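# Coordinates in review
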Amino acid sequence: MSESSQFNSLMTITTRPPLTMVSGQGSWLTDHTGTRYLDFIQGWAVNSLGHSPQVVVDAITRQAARLISPSPAFYNDQAIRLADLLTANSCFHKVFFASSGAEANEGAIKLARKWGGVHRDGAYEIITMVNGFHGRTLATMSASGKPHWQELFEPKVPGFIKVPLNDLTAAAAAITEKTAAIMLEPIQGEAGVVPATPEFLRGLRALADERGILLIFDEVQTGMGRLGTLFAYQQVGMEPDIMTLGKGIGAGVPLAALLAKEAVCCFEPGDQGGTYNGNPLMAAVGCAVLEELLKPGFLEHSTAMGMRLHCGLEALSHTHHLGEVRGAGLLLALVLPNASGDTIVELSRDKGLIINAARPDTLRFMPALNVTADEIDTCLRILDRIFSTLEKEN
Ligand SMILES: *Cc1c(COP(=O)(O)O)cnc(C)c1O
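Summarised in this report is the structure supplied together with it. (Residues numbered from 1 in each chain as written. Predicted model: local features only at pLDDT ≥ 70, side-chain atom pairs only at ≥ 80, totals over all residues. Heavy atoms only, no water.)

### A short note on the site of the ligand
Taken together, Ser-100, Gly-101, Ala-102, Asn-105, Phe-133, His-134, Gly-135, Glu-185, Asp-218, Val-220, Gln-221 and Lys-247 form the complete shell of residues around the ligand. At 2.8 Å, a backbone N or O of Gly-101 approaches an oxygen atom of the ligand. One of the backbone nitrogen or oxygen atoms of Phe-133 is found 3.4 Å away from a nitrogen atom of the ligand. Bound to the protein, the ligand loses 81% of the 380 Å² it would expose on its own. Among the residues making up the shell around the ligand, the classes are represented as three nonpolar, six polar and three charged. (Near = heavy atom within 4 Å. Polar contact = N/O pair within 3.5 Å; in protein donor to acceptor, adjacent residues only side chain to side chain. Areas by Shrake-Rupley, 256 points an atom, 1.4 Å probe, with all protein chains shown as cover. Nonpolar A, V, L, I, M, F, W, Y, C, P; charged D, E, K, R; others polar.)

This is the structure:
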């Protein structure tokens, strides 16, 4: 099949292998030729319950027949139920739903600016992290710290001050009377699974309290059980003022959320909204996903699977003289001794395993949270064979 004839009515936004995915079940994805792949990307840490999980199929089918969209001008029972579930299981009091992580983060930025306007004499600046990633809208690209985005789509949205991750002194020095908030990912996902240290996160909390500014956690990638607890902040023994969720909350459908403490909620009618925000079809899926994660033993299972993958990757690294294993839960990375990431990704796909190179020298693993021990062992076996073959060739 030729790339030009097959794919040329889709706008080019990235390079993709010449495969078309047609179906999926659990940890397995099937292409147009019937080839099956063990999927350790899962829609980019999105399919928290694997491909086409029955609870999501049921929730969509049931809700689609009941009510798809009454318009954002009315309350609907599914959005209320999901907001109640989220606030009952987190430290937050209020929720605004969105359709993507970037949109939830836009909402967080707007809420922080509104809060700064109302409570901090017009403060609007937000301190964000070098190499951070918050999405692809203009404001969230401006908030992101990806070095090669710096020249893109100028002029950017002003008001984002970048400091290095885990540098508390730099963060403290960046705070001025114009600062409204600090915003970061507890683990930088797109940067290659780079964790903020618990000391840094607790230090930021203390700093925000001391200086009277807000702390925002972008948990689009780390939230909804990805790290073994429902949210990453729960592992650090502290609470942000605002948190955003995306990816795993929809288990594959477009759903995201902005959560905030009561004292921070200062949007007035007309400040925030959107046609699809809180629509019951997506909210019903969110409820099904969260109810699944809250079932006894679910998060314990994904924690155990994260450990199994972590240990297995460390053993691989030891055997084949690779680099460190980073991350937590089922968001893990293996550092390679050279920039062979893309090669390993391709060799893996040829052997039926889908993984991602978050950086040229970093492999990233984000399987479904209900991945099985057998599936993890299969992934490790395939990688072991690839590294052994490469060693023989050299
Ligand atoms: C993926 C991601 C986003 C963007 O989410 P989209 O749904 O792609 O808009 C934002 N922040 C983090 C930390 C992410 O991993």
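### Overview of the sheet that holds strand 16 (residues 356–359)
Strand order in this open sheet of four strands is 13-14-17-16, and the pairing throughout is antiparallel. On the outer flanks of this sheet lie strand 13 (325–328) and strand 16, each paired with one strand and no other. Geometrically, the sheet is characterised by an average inter-axis angle of 30 degrees between neighbouring strands, direction not taken into account. Two strands pair when backbone bridges link them, and strand 16 and strand 17 (residues 362–365) are joined in this way by three bridges, in the antiparallel orientation. Residue Ala-357 lies in a different strand from strand 17, and its bridge partner there is Leu-363. Seen against the sheet, helix 10 (residues 298–320) touches strand 13, strand 14 (331–335) and strand 17 and runs at an angle of roughly 0 degrees to strand 14. (Pairing = 2+ DSSP bridges. Helix = DSSP H or I, 4+ residues; strand = E, 2+ residues; numbered from the N terminus. Axes fitted to C-alpha atoms, helices over the stretch in contact; angles between N-to-C directions. Contact = heavy atoms within 4.5 Å.)

### Thoughts on the pattern of salt bridges
The tally for this structure, following the rule as stated, stands at 12 salt bridges. Linking Arg-205 and Asp-209 is a salt bridge whose minimum nitrogen-to-oxygen distance equals 2.9 Å. Within this pair, Arg-205 and its partner Asp-209 are both found in helix 8 (residues 198–211), separated by four residues, close to a single helical turn. For Arg-205, a relative accessible area of 11% puts it in the buried group. When the shortest N-O distance is used, the salt bridge between Lys-295 and Glu-292 registers 2.9 Å. For Glu-292, a relative accessible area of 18% translates into the label buried. A cluster of three or more residues bridged by salt bridges with shared partners is formed by Lys-114, Glu-268 and Asp-271. (Salt bridge = Lys/Arg side-chain N within 4 Å of Asp/Glu carboxyl O. Buried < 20%, exposed > 50% of the residue type's maximum accessible area, 1.4 Å probe, protein only.)

### Topic: the sheet that holds strand 5 (residues 125–129)
With mixed pairing, the seven strands of this open sheet are ordered in space as 4-12-11-10-7-5-6. Only two strands of the sheet have a single neighbouring strand rather than two, namely strand 4 (94–98) and strand 6 (160–163). Neighbour-to-neighbour, the strand axes of this sheet turn through a mean angle of 20 degrees, independent of strand direction. Contacting strand 4, strand 11 (242–245) and strand 12 (256–260), helix 4 (residues 77–88) crosses the sheet at an angle of about 125 degrees to strand 4.

### Here's the deal with the packing of aromatic side chains
Per the counting criterion, the structure on display carries three aromatic pairs. Geometrically, the ring pair formed by Phe-92 and Tyr-233 is edge-to-face, given 5.8 Å between the ring centres and 80 degrees between the ring planes. Pair noted here: Phe-92 is in the loop between helix 4 and strand 4 and Tyr-233 is in the loop between strand 10 (214–218) and strand 11, with a separation of 141 residues, a long-range link. For the pair Phe-92 and Tyr-233, a shared accessibility class is recorded, and that class is buried. Taken together, the aromatic side chains of Phe-92, Phe-231 and Tyr-233 make up a single cluster linked through ring pairs. (Phe/Tyr/Trp six-rings, centres within 6.5 Å; stacked < 30°, edge-to-face > 60°.)

### A word on the state of the cysteines
Counted by the stated rule, this structure contains zero disulfides. Note on Cys-265: no disulfide assigned, nearest cysteine sulfur contributed by Cys-266 at a separation of 7.6 Å. For Cys-265, a relative accessible area of 33% translates into the label partly exposed. The thiol of Cys-379 is not disulfide-bonded; the next cysteine sulfur, from Cys-311, is found 14 Å away. (Disulfide = S-S within 2.5 Å.)

### Some details on helix 9 (residues 280–293)
The first and last C-alpha atoms of helix 9 sit 20 Å apart over 14 residues, in line with the 20 Å expected at 1.5 Å per residue. Among the 14 residues in helix 9, 13 count as buried, and that is most of the element. (Expected span 1.5 Å × (residues − 1).)

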